[in-house]
Amino acid sequence: MISENHFLKKKDLKTLTCNPFNLIGDEWDLLTAGTPEHYNTMTASWGAMGVLWGKPTFHCFVRTNRYTLDFLNENDCFTVTFFDPDQHAALSYCGSHSGRDVDKAKETGLTPILLDGSTTFAQARSVFVCRKLYVGAIEESGFVLPETYSKWYDKEPLHRMFIGEITAYYERECE
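A. Spatial organisation of the overall build of the chain. Helix and strand content of the chain: five helices and ten strands. Principal-axis analysis of the C-alpha atoms places the extent of the chain at approximately 50 × 40 × 30 Å. Counting over 175 residues, the chain shows a buried share of 41%. Within the chain, residue pairs in contact and separated by at least 24 positions form 75% of the contacts whose partners lie at least 6 positions apart. On the chain, the mean spot of the 17 positive side-chain charges and the mean spot of the 24 negative ones are 3 Å from each other.

Set out below in structure tokens:
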């Protein structure tokens, strides 16, 4: 575990120029919570960024059967980490294997690092550090279109939603 950050530079969120639909939906991210000694990460391709309650926020969704849910519930902060395309296989692995059963970092070659009191990875292209503001459950009764519920939840557990204030944003320094 690397405990210092030599790779990432803190940036002003107002300099962010990404398209969140591509970033979240197409590139995916690793959602990570926990301490460097005890954490878990999972691949996510659902989420949102915006302003809520006067703060920049990241919204993420985690099914109730995911191991990462325990870490999100137990910790005040989490990271949302994006990577270059050459790490796609690592993200695919992290999305198809449980941290209950395998050491994802060991299996993928990702290097966990401590960043602002939370865990992310040295190979990151960009990282949002978030502090939990709100946790809520997605409920069947809230669906306006029954076909949406049927498509995504008929045989799968529902999600819990986490809204985090983005407290810091980092980008990898150019080499």
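Moving on from the model shown.
B. Seen up close, the environment of Ala-105. Among the structural elements, Ala-105 can be located in helix H4 (residues 104–108). The exposure class of Ala-105 is buried, given its relative accessible area of 12%. For the pair Ala-105 and Phe-121, spaced 16 residues apart in the sequence, the C-alpha separation amounts to 8.9 Å.

C. Inspection of the nonpolar core at higher detail. Leu-31, Phe-58, Phe-78, Val-80 and Phe-128 are the most contacted members of the largest nonpolar core, which has 19 residues in total. Contributing elements (two or more residues each) for this core: helix H1 (20–27), strand E2 (29–35), strand E5 (55–63), helix H2 (67–74), strand E6 (77–82), strand E9 (126–137) and strand E10 (159–172). Residues in contact with Phe-58, not counting those within four places in the same chain, are Ile-24, Asp-29, Ala-48, Met-49, Phe-78, Val-80, Phe-82, Cys-130, Phe-162, Ile-163, Gly-164 and Ile-166.

D. Examining the layout of surface pockets more closely. Taken as a whole, the largest pocket encloses approximately 450 Å³ of empty space. Looking at the largest pocket, it is lined by 26 residues, and the ones nearest its centre are Met-42, Thr-43, Ala-44, Arg-66 and Gly-95. Secondary-structure elements contributing two or more residues to the lining of the largest pocket are strand E3 (38–44), E5, H2 and helix H3 (88–96). The biggest single contributor to the lining of the largest pocket is H3, with five residues. As a volume, the second largest pocket reaches approximately 200 Å³. Ranked by residues supplied to the lining of the second largest pocket, first place goes to H1 with three residues.

E. Summary view of the pairing of E6. Extensive coverage of E6 is indicated by the burial of five of its six residues. Relative to E6, E2 is paired through three bridges, and the arrangement is antiparallel. Residue Thr-32 lies in a different strand from E6, and its bridge partner there is Thr-79. Bridge count for E6 against E9 is six bridges, and the pairing is antiparallel. Looking at the pairing, Phe-78 lines up with Cys-130 of E9.

F. Layout of the pattern of salt bridges. Summed over the entire model, instances satisfying the criterion amount to five salt bridges. Two residues, Asp-84 and Arg-125, come together in a salt bridge whose shortest N-O distance is 3.9 Å. Taken together, the residues Asp-84 in the loop between E6 and H3 and Arg-125 in the loop between strand E8 (118–121) and E9 connect sequence positions 41 residues apart. Among the residues examined, Asp-84 registers a relative accessible area of 22% and is labelled partly exposed. Among the residues examined, Arg-125 registers a relative accessible area of 22% and is labelled partly exposed. Residue Asp-84 pairs with Arg-172 through a salt bridge whose shortest N-O separation is 2.3 Å.

Reading the values: the criteria
- Residues numbered from 1 in each chain as written.
- Predicted model: local features only at pLDDT ≥ 70, side-chain atom pairs only at ≥ 80, totals over all residues.
- Heavy atoms only, no water.
- Helix = DSSP H or I, 4+ residues; strand = E, 2+ residues; numbered from the N terminus.
- Buried < 20%, exposed > 50% of the residue type's maximum accessible area, 1.4 Å probe, protein only.
- Contact = heavy atoms within 4.5 Å.
- Lys, Arg positive; Asp, Glu negative; His and termini not counted.
- Charge placed at Lys NZ, Arg CZ, Asp CG, Glu CD.
- Core = buried A, V, L, I, M, F, W, Y, C linked by side-chain atoms within 4.5 Å.
- 1 Å grid on protein atoms, 1.4 Å probe; cavity = no way out; pocket = protein on both sides within 12 Å on 5 of 7 lines; lining within 4 Å.
- Points joined across faces, edges and corners; volume = space filled by probe spheres on them.
- Pairing = 2+ DSSP bridges.
- Salt bridge = Lys/Arg side-chain N within 4 Å of Asp/Glu carboxyl O.

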